[in-house]
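Letter by letter, the chains look like this.
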Amino acid sequence: MTAPATTATALPLRRWILDLGASALLVGVSMVGFWPTFAGGSYLPAAIGGILLGLAISAVAAWRRWGILIIAGLTVAAYFVFGGALALPHTTLLGVVPTLDTLQRLALGTVTSWKQMLTTVAPVAAADGHLIVPFLLALVGTVLTASLALRLSRVAWALIPAGALLMLVIVLGTPEPAFPLAQGLVFAVMAIAWLALRQLWAPQNDAVSVSEVDSSRATQMRMRRLIAGAAVLVVAGGAGIATSAVAAPAQPRHVFRDVIIPPFNIRDYPSPLQSFRKNVRDEADETLFTVKGLPKGARIRIAVMDQYDGMVYNVTDGGPDSSSAFAPLRSNMSPEAEGVPVTLKVDIDRYNGVWVPDAGAVSAIDFTGGRAEELRRTGYYNTETGTAVVTSKLKKGDSYTIDTVMPAPLDDTQLADVDFGKVPLPKQSNVPEELTSLASETVAGAESPIERVRALETFLAEGGFFSHGLEGEVLSRAGHTAERISTLIGGDQMIGDDEQYAVAMALLAREVGIPARVVMGYYPDEEREGDPEFAATGDDVHAWVEVNFEGVGWLTFNPTPPEDKVPNDQNTKPKVDPKPQVLQPPPPPQEPVDLPPTLPDDRKGEDETFNLAGLIGIILAVGGITLGILALLASPFIVIGAWKAAKRRSRRNAARASDRISGGWDELTDRAVDYGARVAPGGTRVEEAATVATALTLPQVTTLAERADAEVFGPADPTPEDVDAFWAEVDGLVGGLGKEAGFFKRMKARLSLRSLMGGTAVATGMQNLKDAATARVRREPGTIKSSTAAKTPPAPESETP
C-alpha cells in the first residue's frame, strides 16, 4: 500500500533541511563512483550542479504542490538551460549561454551520451561531451529522491531511486571501484540515520508525552535515543570496515563496459612484417604519408616485433614473457626519456592500417582533423617498444602531431664496456636448429658485447646478397618462416631483403643470449636525409634489428646487404628446393565495436495548465524526453549486443581447439542469419555454406566450410595458430557483410533476434507450424501453388504424395 502523502507547506523547517540534505548526500555518494571513469574530479561541477538544480526543483514543486508533469517540465527546462554551462561549456557563448549546437547536443545526448561513454576507453575526457551523463543522472536522481522524501510520510520510498542511482553509476563505470568502502558505508549509515530521524520526528511517534512529563525530561529522553542510535551506527560501521579487510572480493566487478568494449588484444592484428614484400611490390611509387621535422638519421617506426613462433615475428602485449603492454593514449607517456625533444607533423596519404607511424620515445600524440576524436579514443601505445596502434585504422586525410624525444647517437667506442641490458622478452619457438651452432661460431672471436653484435651484423651484411624477388631480379621468396630462414642460411648464397636478414639476425642474436628484436618502418635514403619533409613511399620501407644495452636502451643495427649488392650469376638458386610459401592469414578488417544509435522518442506528454507563459511547449516535450530516458535504462540494443558478445566470447574461448573452430563457423552463420540468410537447422556446414553463399553472394564461405570440416574432423587437433587464422577469416567475412549492406540494414542486423532465437523451443515451434501449414496447403485439392510455394522444399517422407 502506498504511504499517505503529507502536506508540504505544513512540514517543519527541520524536516525540509533533513530531507533535502539527506537526498543531496545520497546522490553525491552515488556520483563519487564516476571518479575512476574520468580519472579524477573533472566531472564534479556537472554532478554538483545537477544535484543543486534537482533540490531547487523538488523544493519549489513541493511548496507549490505542483504535479508530476510540471515537475518533469521544470526538470527538462533546467537540463536545457543549465546543461550547456555545466556539461557542454565548450559549445556555449562565454561558457554560459547555450547555442543552437548546445541544444542539439543536449537533446541527442539523452540517448547517445550513454553509448559514447561506454564505448570510449576509460578514462574518458570531460571535454568530449561525456559530462552529460553525470549531469543528467544527478539532476534526475535528485529530483526523484527529494520529491518522494518531501511528499511522502514514509521516507523509505525515497531510498528506491537513490539506491537505483548508486547501482546505475556502478554499472556505467569501470571495473575499478572508486572508494568502495567509504561509498557503501556512508550510503548505508546515511540511509539508516535518515530513516531513524524521520521516525523520531513523526508526531505520532513521540518518545514521551509532554502533557505527562516536563519538556526538559522529554528533550533528555530524545537525546538519549539519538546517542544510542549513533553508537549503534558507529559499531556497525566499524564492524563493516573490519569485515571488508578480510573479505575483499577475489574477482573484479563486472560492468557494462566489459561487454560493450571488447578487451584490446594486439593479436587481433597481423604482424606488419607479413606485408613487407607487398609494400615493396605494390606501393613502391605511392606516397603513403609525409613527415615534417624528421631529424637527420632518424627513422619512422611502424611496429616492433619481439616474439617468433616459426611462422611470424609478432608484436606482443603484456604478460610475463613480453616487453611491455599497450595502454590508451595519454600525455607525458615517456617522462624519463633522454635526448633531443622533437615535434613531428604527420599527414596520411595512401597509407591504411592500424599501425601508427612514429619515432623516438613518444611523449604525446595529438590527432587533428575530422576523425581526431575517433582516433584518440581507439589509440594505444606501448612505452617499451614505441609501437602505437589505432583500432579504427588510419586513412587518407588523417593527420597528427607527435611530441617525442630522439636519443643521442653513440659509436662503438662509447659502447666498448657496456653490457647487454636485462629486459624480459618472449621465448622463441620453432627456430631452425642450425642457427644455434652458426650463432656460436660467428661470435666466437668477439670479446665485448658490441663486438658480438657487430659480428652477427657483418656476417649477414657482407656475406649475403640483396634481392626483393621482383620481376627482373634474382629469385628471393617472401616470408620469414623457419623454412625460409633455413633456406637463406643454407643456400649456396644468402639472397633476400630486409625481412629475411632482420629476422635472421634477431634469431641468431637470441640464440646466444643477446636481447634483440625486429623493427619495421621507413626512412629516407642518404640523398634525402635532413630534408624538411619526408614523403614515405613503399620503396622506403625497411626492417632492422634493435639490441638493448644496459643504461643506454635499444640501439639500431642493419644486417641487410646494400641494395646494389646482387649475385653475378642471375640464375643462382639456393641448395634447398624452394617449397610453396605458406599462406599467412590476411589482416582481418577490424572495426571498433559500435552500437546502433537510437533516435529520441517523440511521444508527447499530457498537457497541464501552468501560469507561466512558454512552459506549455516544454511540457509537450516532457513525455518524450522522460520516456526516452527511462527506456534507455532497458534499451534493447545494449541487451542484444551484450548477448551476442557473450556468445562470441564463449565460442572463441572454448576449452577444445576443435570447438573454437566450430564456434567460429557458428559465429559466421549467426551473422549471416541476421543479414537475412535462411539457414535450415540440422544441416551440414557445406549445406549451410551453400545457403549463405546464395543468399548473400558470398562464395568464400564454401571454402571456409570445407576448411572447418577438415580442422574439426582431422586426425589432429587444430593448433592455436590455426584457430587464430580461422577466426581472422571469419571476422573478415563478417566485416564484409556490414560494409556491403546499407546503414539501415546494418542496424537491423545488429538488433536482429533471429540468430539468438535459432535452436530455441520458440524457433522450433514456429518452424514446425510453418511446415505443417505448408503440408496442409499441398494436401488440399484444387489448390494452386504460388510462386513461393513452388520454391518450398519437398514434403516429409511420412506425407502421402
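Here's a quick rundown of the structure. (Residues numbered from 1 in each chain as written. Predicted model: local features only at pLDDT ≥ 70, side-chain atom pairs only at ≥ 80, totals over all residues. Heavy atoms only, no water.)

Moving on, we come to a negative patch on the surface. Taken together, Asp285, Glu473, Asp539, Glu563 and Asp564 make up a surface patch of like negative charges. Its location among the elements puts Asp564 in the loop between β17 (553-557) and α17 (615-633). (Patch = residues over 30% accessible without salt bridge, like charges linked within 9 Å, V, L, I, M, F, W, Y side chains within 5 Å. Areas by Shrake-Rupley, 256 points an atom, 1.4 Å probe, with all protein chains shown as cover. Salt bridge = Lys/Arg side-chain N within 4 Å of Asp/Glu carboxyl O. Lys, Arg positive; Asp, Glu negative; His and termini not counted. Charge placed at Lys NZ, Arg CZ, Asp CG, Glu CD. Helix = DSSP H or I, 4+ residues; strand = E, 2+ residues; numbered from the N terminus.)

One side chain can pair with another of opposite charge once the charged atoms of both are near each other. Taken as a whole and assessed by the stated rule, the structure comprises 29 salt bridges. Among the salt bridges present, the one from Asp101 reaches Arg105, with a minimum N-O distance of 3.3 Å. Of this pair, Asp101 and Arg105 are both found in helix α5 (residues 100-118), four residues apart, which corresponds to roughly one turn of the helix. Looking at Asp101, the relative accessible area reads 32%, which means it is partly exposed. In this structure Arg105 comes out as partly exposed when scored by relative accessible area, which is 39%. For Glu533, the salt bridge is made with Lys292, and the minimal N-O distance between the two is 4.0 Å. (Buried < 20%, exposed > 50% of the residue type's maximum accessible area, 1.4 Å probe, protein only.)

Examined against the element boundaries, Val362 turns out to sit in strand β8 (residues 361-368). In this structure the C-alpha to C-alpha distance between Val362 and Met333, which are 29 residues apart in sequence, comes to 6.6 Å. If we ignore the near neighbours within four places in the chain, the residues touching Val362 are Arg301, Met333, Ser334, Tyr381, Ile402, Asp403 and Thr404. (Contact = heavy atoms within 4.5 Å.)

Pairing is antiparallel across the open sheet formed by five strands, whose spatial order is β8-β11-β6-β1-β15. The sheet terminates laterally at β8 and β15 (533-537), the two strands that pair on one side only. Pairs of neighbouring strands in the sheet enclose a mean axial angle of 25°, with direction left out of account. Bridging between strand β1 (residues 287-292) and β15 involves five bridges; their strand directions are antiparallel. Paired with Thr287 across the bridge in β15 is Thr537. (Pairing = 2+ DSSP bridges. Axes fitted to C-alpha atoms, helices over the stretch in contact; angles between N-to-C directions.)

Turning to a nonpolar patch on the surface, a few remarks are in order. A surface patch of nonpolar side chains, about 430 Å² in accessible area, is lined by Leu93, Leu94, Val96 and Val97. Mapped onto the elements of the fold, Val97 is located in the loop between α4 (68-87) and α5.

The strands making up a sheet associate through backbone hydrogen bonding, with each pair oriented either parallel or antiparallel. If you walk across this open sheet you meet the four strands as β2-β14-β16-β17, and the pairing is antiparallel. What marks the edges here is a single partner per strand, and that holds for β2 (300-305) and β17. Strand-to-strand twist across the sheet, computed as the mean angle between neighbouring axes with direction ignored, equals 35°. Relative to strand β14 (residues 516-522), β2 is paired through five bridges, and the arrangement is antiparallel. What sits directly across from Met305, in β14, is Val518. Along the sheet, helix α16 (residues 498-511) contacts β14, β16 (541-549) and β17; its crossing angle with β16, the most-contacted strand, is approximately 15°.

Here helix α20 (residues 685-696) crosses helix α21 (residues 700-712) at 165°, and the two axes come no closer than 8 Å. The pairing of α20 with α21 is recorded here as roughly antiparallel in orientation. The handedness of the crossing between α20 and α21 is right-handed. Residues Arg685, Val686, Ala689, Val692 and Ala693 of α20 lie in contact with α21, whose contacting residues are Val701, Thr702, Ala705, Ala708, Asp709 and Val712. Residues that form the contact of α20 with α21 fall into these classes: eight nonpolar, one polar and two charged. (Parallel < 35°, antiparallel > 145°, perpendicular 65-115°, else oblique. Left-handed = near helix turned anticlockwise from the far one by under 90°. Nonpolar A, V, L, I, M, F, W, Y, C, P; charged D, E, K, R; others polar.)

Purely geometric numbers; function is a separate question.
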